[in-house]
Amino acid sequence: VTVEYDGVKLKKGTDYTVSYKNNKKVGTASVIITGKGNYSGKQTVKFTIIPKAVSGFTVTRGTSRNTLKWKAIEGATGYEIEIDKYTSSDGYWFIYEKTVTKTSKKAAYNHKISANRYVAFSYRVRPFVKVNGVKIYGEWSSVINPYF
């Protein structure tokens, strides 16, 4: 936490103290800055803690299915997979998303493909956690295209 007052950077412990609320789990957390010494007042700033990004993401190309695997994120409610596909019949890229709610130690998804119609697919995945009915997303993984 960096605190400035009228363009002057204040010193933690001398000019202010910092405390946190609800900053351990994914969701909304708060940092509370309390003035000290020559500075008075209290400021609360809310921020969002997002899930970690997935790691170990791989795609295995198959004749009728592509298999996506990654290491599961502890506490994730599910995963969102984004699939970009180039369709030879219509000649453009489009994106659709598939939500996967598997939360075991290893996570996987089999994407059914039609070998004659689709030329290439690219995949990426991100975890999400539902907090009070709202999905909070982690960062997207790197994009993998098993065809190139």
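None of these values were measured; they are calculated from a predicted model. (Residues numbered from 1 in each chain as written. Predicted model: local features only at pLDDT ≥ 70, side-chain atom pairs only at ≥ 80, totals over all residues. Heavy atoms only, no water.)

**Focus: the confidence of the model for the protein**
What counts, and what does not: Confidence of the predictor in every single residue is expressed as pLDDT, which spans 0 to 100. Strands here are runs of E lasting at least two residues and helices are runs of H or I lasting at least four, both read from the DSSP assignment and numbered beginning at the N terminus.
Taken over all residues, the pLDDT of the protein has a mean of 83, while the share at 70 or more is 83%. Per-residue pLDDT, averaged within each element of the protein, yields its smallest value for strand E9 (residues 93–100) (63) and its largest for strand E3 (residues 16–21) (95).

**Thoughts on the sheet that holds E3**
Put simply, the rule is: Strand pairing follows a simple DSSP-based rule, namely that at least 2 bridges must link the two strands. The angle between two axes is taken between their N-to-C directions and runs from 0 to 180 degrees, where each axis is a line fitted to C-alpha atoms and a helix contributes only its stretch in contact.
With antiparallel pairing, 3 strands are arranged side by side in an open sheet as E3-E4-E5. In the strand order of this sheet, the two ends are held by E3 and strand E5 (42–49), each with one partner. Put simply, the sheet's adjacent strands are angled 20° from each other on average, direction ignored. In this structure, strand E4 (residues 27–35) lies alongside E5, joined through 8 bridges in antiparallel fashion. Counterpart to isoleucine 32 in the pairing with E5 is threonine 44.

**Considering a nonpolar patch on the surface**
Which entries qualify depends on this criterion: Patch membership requires more than 30% relative accessible area and the absence of a salt bridge. Residues of like charge join within 9 Å; the nonpolar side chains Val, Leu, Ile, Met, Phe, Trp and Tyr join within 5 Å. We get accessible surface area from the Shrake-Rupley algorithm with a probe of 1.4 Å; when it comes to residues, only the shown protein chains can shield them. What makes a salt bridge here is a side-chain nitrogen of Lys or Arg within 4 Å of a carboxyl oxygen of Asp or Glu, nothing more.
A surface patch of nonpolar side chains, about 280 Å² in accessible area, is lined by Val1, Tyr20 and Phe47. Examined against the element boundaries, phenylalanine 47 turns out to sit in strand E5.

**Some details on the pairing of strand E6 (residues 55–60)**
One ladder, built from 4 bridges, connects E6 with strand E7 (residues 65–71); its direction is antiparallel. Within E7, the position partnered with threonine 60 by the bridge is threonine 67. With antiparallel pairing between neighbouring strands as the criterion, E6 and E7 make up a hairpin whose turn holds 4 residues.

**Regarding the nonpolar core**
Basically, it comes down to this: In this description, a nonpolar core means a group of buried Ala, Val, Leu, Ile, Met, Phe, Trp, Tyr and Cys residues linked to one another through side-chain atoms lying within 4.5 Å. The classification of residues rests on relative accessible area computed with a 1.4 Å probe and restricted to protein chains. Under 20% of the type maximum is buried, over 50% is exposed, and intermediate values are partly exposed.
Leu68, Trp70, Ile81 and Tyr123 are the most contacted members of the largest nonpolar core, which totals 18 residues. Looking at this core, the elements with two or more residues in it are E6, E7, strand E8 (78–87) and strand E11 (118–131). When residues of this core are assigned to their parent elements, the largest contribution, 4 residues, is made by E11. In this structure, Leu10, Tyr16, Val31 and Ile33 belong to the second largest nonpolar core, which totals 5 residues.

**Considerations on the packing of aromatic side chains**
Spelled out, the test is: Pairing of aromatic side chains requires ring centres within 6.5 Å, counting the rings of Phe and Tyr and the six-membered ring of Trp. Pairs whose planes differ by under 30 degrees are stacked, by over 60 edge-to-face, and all others tilted. For a Lys NZ or an Arg CZ to count as sitting over a ring, it must be within 6 Å of the ring centre and within 35 degrees of the ring normal.
Applying the stated criterion to the full structure yields 4 aromatic pairs. Three or more aromatic residues link up through ring pairs in this structure, and these residues are Phe57, Trp70 and Tyr79. Positioned above the aromatic ring of tyrosine 137, the side-chain terminus of arginine 126 is 3.9 Å from the ring centre. If you follow lysine 135 out to its NZ or CZ, it ends over the ring of phenylalanine 128, 4.4 Å from the centre.

**Some thoughts on the layout of surface pockets**
What counts here: Within this scheme a cavity is a closed region of a 1 Å grid, computed over the protein atoms alone, that accommodates a 1.4 Å probe without allowing it to escape, whereas a pocket is open but has protein on both sides within 12 Å along at least five of seven lines; lining residues each have an atom within 4 Å of a point. Grid points are joined across faces, edges and corners, and a volume is the space filled by probe spheres set on the points. Throughout this entry, Asp, Glu, Lys and Arg are counted as charged residues, while Ala, Val, Leu, Ile, Met, Phe, Trp, Tyr, Cys and Pro are counted as nonpolar. The remaining residues, Gly among them, count as polar.
In this structure, the largest pocket occupies an estimated 250 Å³ of space. Along the walls of the largest pocket sit 15 residues, with Val3, Tyr5, Leu10, Ile33 and Ser40 positioned nearest its centre. Taken together, the residues of the lining of the largest pocket sort by class into 6 nonpolar, 6 polar and 3 charged.

**With respect to the environment of glycine 27**
Selection rule: Residues are treated as being in contact if the distance between any of their heavy atoms lies within 4.5 Å.
With respect to the helices and strands, glycine 27 occurs in strand E4. Apart from residues lying up to four places away in sequence, glycine 27 is in contact with Phe47, Thr48, Ile49, Val131 and Ile136.

**Considerations on the pattern of salt bridges**
This model, assessed by the stated rule, comprises 2 salt bridges. In this structure, arginine 126 engages glutamate 80 in a salt bridge whose closest nitrogen and oxygen atoms are separated by 2.7 Å. Of this pair, arginine 126 sits in strand E11 while glutamate 80 sits in strand E8, and the two are 46 residues apart along the sequence. Assessed through its relative accessible area of 4%, glutamate 80 is described here as buried. Between arginine 124 and glutamate 82 there is a salt bridge whose closest N-O contact spans 2.6 Å. Here the residue arginine 124 occupies a position in strand E11, and glutamate 82 occupies one in strand E8, the gap between them amounting to 42 residues. Using a relative accessible area of 23% as the deciding quantity, one classes arginine 124 as partly exposed.

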